[in-house]
There are 4 protein chains.
Amino acid sequence: MLRAGLIGYGYWGPNLARNFAAHPECKLTRIADMSEARRKQAAANFPSVEVVESGSITRDSDLDVIIIATPVFTHFELAKEALENGKHVWLEKPMTSTLAQAQELVEAAERNKRLLMVDHTFLFTGAVLKMKELIDTGELGGLYYYDSVRINLGIFQHDVNVVWDLAPHDLSIMDFLLGPKAEAISAHGRGHFDTGLEDVAYVTVFYPGNLIAHFHLNWLSPVKLRRTVVGGSKKMLVWDDLNREEQIKIYNKGMDVTTKEGLYRILATPRHGDMYAPVVAASEALKAEVAYFVECINSGKNPHNDAAAGARIVGMLEATNQSLKQNGRVIPLK
Amino acid sequence: MLRAGLIGYGYWGPNLARNFAAHPECKLTRIADMSEARRKQAAANFPSVEVVESGSITRDSDLDVIIIATPVFTHFELAKEALENGKHVWLEKPMTSTLAQAQELVEAAERNKRLLMVDHTFLFTGAVLKMKELIDTGELGGLYYYDSVRINLGIFQHDVNVVWDLAPHDLSIMDFLLGPKAEAISAHGRGHFDTGLEDVAYVTVFYPGNLIAHFHLNWLSPVKLRRTVVGGSKKMLVWDDLNREEQIKIYNKGMDVTTKEGLYRILATPRHGDMYAPVVAASEALKAEVAYFVECINSGKNPHNDAAAGARIVGMLEATNQSLKQNGRVIPLK
Amino acid sequence: MLRAGLIGYGYWGPNLARNFAAHPECKLTRIADMSEARRKQAAANFPSVEVVESGSITRDSDLDVIIIATPVFTHFELAKEALENGKHVWLEKPMTSTLAQAQELVEAAERNKRLLMVDHTFLFTGAVLKMKELIDTGELGGLYYYDSVRINLGIFQHDVNVVWDLAPHDLSIMDFLLGPKAEAISAHGRGHFDTGLEDVAYVTVFYPGNLIAHFHLNWLSPVKLRRTVVGGSKKMLVWDDLNREEQIKIYNKGMDVTTKEGLYRILATPRHGDMYAPVVAASEALKAEVAYFVECINSGKNPHNDAAAGARIVGMLEATNQSLKQNGRVIPLK
Amino acid sequence: MLRAGLIGYGYWGPNLARNFAAHPECKLTRIADMSEARRKQAAANFPSVEVVESGSITRDSDLDVIIIATPVFTHFELAKEALENGKHVWLEKPMTSTLAQAQELVEAAERNKRLLMVDHTFLFTGAVLKMKELIDTGELGGLYYYDSVRINLGIFQHDVNVVWDLAPHDLSIMDFLLGPKAEAISAHGRGHFDTGLEDVAYVTVFYPGNLIAHFHLNWLSPVKLRRTVVGGSKKMLVWDDLNREEQIKIYNKGMDVTTKEGLYRILATPRHGDMYAPVVAASEALKAEVAYFVECINSGKNPHNDAAAGARIVGMLEATNQSLKQNGRVIPLK
């Protein structure tokens, strides 16, 4: 039985508490939050859990797992301390504020032989798992492009731009689906209020071969769209996260290419085939992710959303900001 | 009564012939096409028009207007010859293959005191005119961004990439709506067949202030989208060219910004107001454009889609190709 | 301060308990439920409320209000007892199983000078209130028809057909919007399983003049639709309850009719005008309804969803069943 | 080589002329129309066809086929004369103004051993043929219901109500898909202008077993819908004639029914499976229908849309009008 302590009972903390508390091989024993109001709420919802003020529960000897759901700028220190004290760590996304910090956590996890998993919840949704299956089994064929749009009339964050706010979702999904092979990044964006923060951004990620990924992120859109299109040589898919009935549509469409002697070497003919919308599992992603976390700890298995994966996402976010500041310069990813 | 000759009776030529023939102050007297089959078709459809093979009707002394609807690579020479021979010219888009050629035509038109109008038909649709009105009257407020998506499973062109095929529409609409103030361009794209031509491209255009425009162009999309979103400080609009019933939707949405003393200087609150879909005129754009052309000739008025406008679009296309070849480098527009 | 007791803590009861408990002029003091599991749940959620097994709290002298959220077949007896014991009653829909029972409750409420309000929650949604305003102010003009579709792949009820399950919503909305003037009803339907209960039904309601209302109710639809179209002489509206962004669309469309001498007396020309989607208030309907209930008790005001309104709905449901059994015979409404 | 004469060169006539003229085994030799303007148009479009004024070409000895595309009230006489003179007849829908006339034509065709085919073009569209295949192969299972909606802001006809204007399409499709087994019909409707003609109507058609069909027909709808839902025991389908990309969607959805001992005999559980949108052939329906007509004449094969089929549709239309006049009385179909 793993004993877990949660730091941060704000927006996402209650969901983490509920799912960890419900796991049969895990016991949620402590919740820490600096706000008295949130501590009261936590105590009411989890009467048998000890509720404390200080985040120093990272050092508590009776805890095996530290769950960190605090503001990003605190992630590094809390996670570092937890790892150094021999805890497994569940860390909210984005993992850290800088790539250097993320890499230090990767090393700390390795050195202390502890698991650090970054909560990229979307990777555990039925839709993303179905897309992973479609890509890995080759049903889409070789991939041409990955185009993602996540726009709405949003809540402006005060300390980060629209990329750091919205793109962690999409970059982690792309990284999961296409593999950790992104080579470089370029971004353009603009802010329209006197904050120095972009509220509209376009991010391009380059992969080996001619695979190109692109992200449209926008806090100022009158319509809400969350749509990803993946084009492959055999089939293409559209994932519409707002269409609950038909989240994923797979199109048997593409270009049939023939090579011809003579004037035009290449002849491309559009192929218009059937469309198919598979049933997508509707169970709670976070529940599955918590189960996966516990299973990885117990079995010693390395999760796909490990510290290295979290660091890759932070690396891409950092490169995006660099590119934004340098007029779209292409920034290689390490 | 203007006497007009048309060169090129292929895809678009018949529409031009029909509209010029129907104009009360214009007489279509000659049609030239190199293909015998197309000449036959022209003769059947317009029994009273002389049909010839050679494009040298640019020199015919009994013609006032030359309408050029031939492949792009022939535009420059035909238009130049027509202008030098004192004809007014209607030229299909894109105007020329290079900016240098376009500029030479601008000068030739000026020198010969003749009108050269570039056929950007979309500028005469009810939807674009409605948007122009909404922007010019200030109903949208100051503009934040212009985002355009034109994607479908397309017919591959053999000699130009997806940008030269699809973007002339969107760039000319943007130029018309936002004014001739674009400062620079950056583009990324990829081709997936052995042609050296991009089939997916993302183009960013920079305007003074923080106005940013972006174009997603794609020949390999399983779904067809033609949608433009324009974000303003007061209102925002979505133009969906495939939704015949509600082409334009105007959203009374935006950010109400207040400046606050203390920790966060800027406070932005989303404003969710009514949506409104005005009736959009459904008359044929080309008919209106032909009338405008004749009116400009007769009155000496300079059309908004004049040679200079056509040259700006070619300049943007050329800059896009340059940027594509140089890894997205930002290319200043002259 | 009104003291309220709730009978029935099943599907809807918790929402009622939460809203009554939160009202500043009401105190929820007792919850009754026959199920031990539900009593436990009630005790956990409302620690300061007394939880009991028997529904005989209708006779408790320390209660002013009885809220009844039990199965329909129990409504009559519980509500009668509560009224006879001088309580105000909040009753779930449908009010009773028969029109005779409903009428007896109307009389009991009058005789005891107590309020009986039937919970037709939809009448307190922003969408229905907006439609009421549009109709009452004459913005739609004279009404032509009211067409409602409520279909989905549904949970089969074991004791009632699709009409008694789904139509109480729509009939009460129609009754509220068009006024209590329905004159007759006709219905066709079919059941496809060996239950004797219709799973597909079409119900037509006749109003004075040529106003016609129609309801499509279906438990066996592969797609979920909840859409009402109201056609008026000036404007028409579509209410799509599943479109959260644009719930109500008002179309400035209709027929412009002119009377002509000669062959055809009537000339009708379609008028295609603007569309407009007003912001619809998004607050919780049940909260507003509870406030209205308390206000009506305190002020002596008669609510629009009073016992008589509830009885009209039951009357229509009963007439529908009669018509279904008699092959669509038109049943007059009393 | 069949020699064909066409009577009526109005709205639909030119399409018939074009398709008959293009058929390799058919020669269009004569076109008759009472209007001089239409005769001029016909002569211009078909220079080698003789154009005449009188419809008496039904008696011309050099014609094998008469194509009738005139107003409905003239159908009976023209078709009768053509049959009596030994011609095969292509007749527009609806076949005649009364069932008695239709039956007389059925007999005339039999007596004269000539083919009378009624032009129900929709039966030759890719969508309807795909549905026919899905039903006939049993992919949908046993059928539960057939629900059709055809509404828009329409052109009012001066001499027929909305049912006679719109329902011939839907009734003929239903008759084709479900087979000629309709037993009875009931209809309600209202007219809202002083014409005595219904502009809104709801028609129910009863089939053996519990199969029920329903049609919503409306000239006064602010939105245009053309959608048919067919519910079967195995699968269900939605045909949206306005969605060109995904005309037919097949849902692996339904009710899994188990019989239980005890309180509730029947237990129905919703089954939510995949959705599938097959490619639907996009070729011109009328071309295929003309080919089928010629093939039936040449081979002596009886077409499915023969005189009897046309008479069934007229019978249903007549019964609908009867039911409308008799307050929805269920009218048996002969």
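This is a predicted model, so every value here is computed, not measured.

Caption draft 1: Main features of the overall build of chain A. Broken down by element type, chain A carries eight helices and 15 strands. Relative to the globule expectation of 20 Å for 334 residues, the C-alpha radius of gyration of chain A, 22 Å, shows essentially globular dimensions. Its C-alpha atoms give chain A principal-axis dimensions of roughly 75 × 45 × 40 Å. Within chain A, contacts between residues separated by at least 24 positions form 65% of all contacts whose residues are at least 6 apart in sequence.

Caption draft 2: Main features of the interface of chain A and chain B. With 39 residues of chain A at the contact, the number on the chain B side is 40 residues. For the side of chain A that touches chain B, the secondary-structure elements that each account for two or more residues are strand 7 (143-153), strand 8 (184-190), strand 9 (200-206), strand 10 (212-218), strand 11 (220-232), strand 12 (236-240), strand 13 (248-259) and strand 14 (266-277) of chain A. The class makeup of the residues in the side of chain A that touches chain B is 22 nonpolar, 14 polar and three charged.

Caption draft 3: Layout of the nonpolar core. Formed by 428 residues in total, the largest nonpolar core has its most connected members in A:Ile67, B:Ile67, C:Ile67 and D:Ile67. If near-sequence neighbours (up to four positions away) are discounted, B:Ile67 is found in contact with B:Ala4, B:Gly5, B:Leu6, B:Ile7, B:Leu16, B:Phe20 and B:Trp90.

Caption draft 4: Summary view of the sheet that holds strand 5 (residues 88-92) of chain B. Residue and element names in this part refer to chain B. Sheet architecture is open: six strands sit in the order 3-2-1-4-5-6, paired in parallel fashion. Each of the sheet's edge strands pairs with one partner strand only, and the pair in question is strand 3 (50-52) and strand 6 (116-119). Averaged over all neighbouring strand pairs, the angle between strand axes comes to 20°, with direction disregarded. Pairing analysis gives four bridges linking strand 1 (residues 2-7) to strand 4 (residues 65-68), with the strands arranged parallel. Bridging across to strand 4, Leu-6 finds its partner in Ile-67. Across the sheet, helix 7 (residues 285-299) lies against strand 1, strand 2 (26-32), strand 5 and strand 6, angled at about 170° from strand 6, the strand it touches most.

Caption draft 5: Main features of the interface of chain D and chain C. Each partner contributes to the interface: chain D provides 40 residues, whereas chain C provides 40 residues. Elements supplying a minimum of two residues to the side of chain D that touches chain C: strand 7 (143-153), strand 8 (184-190), strand 9 (200-206), strand 10 (212-218), strand 11 (220-232), strand 12 (236-240), strand 13 (248-259) and strand 14 (266-277) of chain D. No other element matches strand 11 of chain D, which puts six residues into the side of chain D that touches chain C. Classifying every residue of the side of chain D that touches chain C by side-chain character gives 22 nonpolar, 14 polar and four charged.

Caption draft 6: Up close: helix 1 (residues 13-22) of chain D. Taken as a whole, helix 1 of chain D has its buried residues at D:Gly13, D:Leu16, D:Ala17, D:Asn19 and D:Phe20. In this fold, the buried residues of helix 1 of chain D make contact with strand 1 (2-7), strand 2 (26-32), strand 4 (65-68) and helix 7 (285-299) of chain D.

Caption draft 7: Quick peek at the relation of the copies chain A and chain B. Each copy of the sequence occupies a distinct position, and chain A is placed on chain B by a rotation of 180° and an axial shift of 0.0 Å, giving an RMSD of 0.0 Å. In the structure described here, the two chain copies are related by an operation that fits a two-fold rotation axis. Residue by residue, 100% of the interface of chain A is reproduced at the interface of chain B, so both copies engage with the same surface.

Caption draft 8: Region of the structure containing the domain arrangement of chain A. Residues and elements named next belong to chain A. We note that the domain assignment places domain 1 (2-119) and domain 2 (123-285 + 315-332) within chain A. Look at where the C-alpha atoms of domain 1 and domain 2 centre, and you get two points 31 Å apart. Each side of the interface is counted separately: domain 1 has four residues, and domain 2 has six residues. Residue composition of the side of domain 1 that touches domain 2, by class: two nonpolar, one polar and one charged.

Caption draft 9: Quick look at the pairing of strand 5 of chain B. All names here are of chain B. Judged by how many residues are buried, strand 5 sits mostly within the fold: five of five residues are covered. Burial along strand 5 is two-sided: His-88, Trp-90 and Glu-92 and Val-89 and Leu-91, pointing in opposite directions, are all buried. In this structure, strand 4 lies alongside strand 5, joined through four bridges in parallel fashion. Within strand 5, the position partnered with Ile-68 by the bridge is Leu-91. With respect to chirality, the unit in which strand 4 leads through helix 3 (residues 75-84) into the neighbouring parallel strand 5 is right-handed. Across four bridges, strand 5 lies against strand 6 in parallel orientation. Looking at the pairing, Glu-92 lines up with Asp-119 of strand 6.

Caption draft 10: The arrangement of the packing of helix 3 (residues 75-84) of chain A against helix 4 (residues 99-111) of chain A in detail. All names here are of chain A. Following both chains from N to C, one finds helix 3 and helix 4 inclined at 10°, their axes separated by 9 Å at the closest point. Comparing their axes, helix 4 and helix 3 come out roughly parallel. Contacts between helix 3 and helix 4 involve Phe-76, Ala-79, Lys-80, Leu-83 and Glu-84 from the first element and Gln-101, Glu-104, Leu-105, Ala-108 and Ala-109 from the second. Broken down by class, the residue content of the contact of helix 3 with helix 4 amounts to six nonpolar, one polar and three charged.

Caption draft 11: Summary view of the sheet that holds strand 3 (residues 50-52) of chain C. All names here are of chain C. One open sheet holds the six strands; their spatial order is 3-2-1-4-5-6, and the pairing between them is parallel. Two strands in the sheet have a free side with no partner beyond their single neighbour: strand 3 and strand 6 (116-119). The sheet shows a mean angle of 20° between the axes of neighbouring strands, taken without regard to direction. Docked against the sheet, helix 3 (residues 75-84) engages strand 1 (2-7), strand 4 (65-68), strand 5 (88-92) and strand 6, running at close to 170° with respect to strand 5.

Caption draft 12: Examining unusual backbone geometry more closely. All names here are of chain C. Residues Lys-93 and Pro-94 are joined by a peptide bond in cis, for which omega reads -10°. Mapping Pro-94 onto the fold places it in the loop between strand 5 and helix 4 (99-111). Within the chain, Lys-113 stands out as a residue other than glycine whose phi angle is a positive 50°. Structurally, Lys-113 can be placed in the loop between helix 4 and strand 6.

Caption draft 13: Molecular detail of the arrangement of the chains. At the C-alpha level, the nearest point of chain A lies 9 Å from chain C, with no contact between them. The two units chain B and chain D never meet; even their closest C-alpha atoms stay 9 Å apart.

Caption draft 14: Representation of the environment of A:Ala319 in the model. Residue and element names in this part refer to chain A. You can see Ala-319 is positioned in helix 8 (residues 307-325). When the C-alpha positions of Ala-319 and Ser-186 are compared, they lie 7.9 Å apart, and in sequence the two are 133 residues distant. Non-local contacts of Ala-319, meaning those with residues more than four positions away in its chain, are made with Ile-185, Ile-331 and Leu-333.

Caption draft 15: Geometry of the packing of helix 1 (residues 13-22) of chain A against helix 7 (residues 285-299) of chain A. All names here are of chain A. Two elements in contact, helix 1 and helix 7, have axes whose closest approach is 9 Å; the angle formed by their N-to-C orientations is 55°. When the interaxial angle is binned, helix 1 and helix 7 end up oblique. Both helix 1 and helix 7 take part in a crossing whose hand is right-handed. Residues Asn-15, Asn-19 and Phe-20 of helix 1 pack against Leu-286, Lys-287 and Val-290 of helix 7. Along the lines of polarity and charge, the residues of the contact of helix 1 with helix 7 split into three nonpolar, two polar and one charged.

Caption draft 16: Quick peek at the confidence of the model for chain A. Of the residues in chain A, 98% have a pLDDT of 70 or more, and the chain-wide mean is 95. Note on the complex model: pTM 0.94, ipTM 0.95.

Caption draft 17: Structural detail: the environment of B:Trp12. Mapped onto the elements, B:Trp12 comes out in the loop between strand 1 and helix 1 (13-22). Sequence separation of B:Trp12 and B:Val238 is 226 residues, and the distance between their C-alpha atoms is 28 Å.

Caption draft 18: Layout of helix 4 (residues 99-111) of chain D. Residue and element names in this part refer to chain D. Taking 1.5 Å of rise per residue, the 13 residues of helix 4 would be expected to cover 18 Å, and the 18 Å separating its terminal C-alpha atoms lies within 8% of that figure. Listed in full, the buried residues belonging to helix 4 are Leu-99, Ala-102, Leu-105, Ala-108 and Ala-109. Buried residues belonging to helix 4 abut helix 3 (75-84), strand 6 (116-119) and helix 8 (307-325). Note on helix 4: the residue one or two positions beyond its end, Lys-113, has a positive phi of about 55°.

Rules of the game
Residues numbered from 1 in each chain as written. Chains lettered and ligands numbered in written order. Predicted model: local features only at pLDDT ≥ 70, side-chain atom pairs only at ≥ 80, totals over all residues. Helix = DSSP H or I, 4+ residues; strand = E, 2+ residues; numbered from the N terminus. Rg over C-alpha atoms; globule rule 2.2 N^0.38 Å. Contact = placed C-beta atoms within 7 Å. Nonpolar A, V, L, I, M, F, W, Y, C, P; charged D, E, K, R; others polar. Core = buried A, V, L, I, M, F, W, Y, C linked by C-beta atoms within 7 Å. Buried ≥ 20, exposed ≤ 12 C-beta atoms within 10 Å, placed from the backbone. Pairing = 2+ DSSP bridges. Axes fitted to C-alpha atoms, helices over the stretch in contact; angles between N-to-C directions. Least-squares fit on C-alpha atoms with pLDDT ≥ 70 in both. Domains from an automatic or database assignment. Right-handed = clockwise from strand over helix to strand, strands pointing away. Parallel < 35°, antiparallel > 145°, perpendicular 65-115°, else oblique. Left-handed = near helix turned anticlockwise from the far one by under 90°. pLDDT = per-residue confidence, 0-100. Expected span 1.5 Å × (residues − 1).

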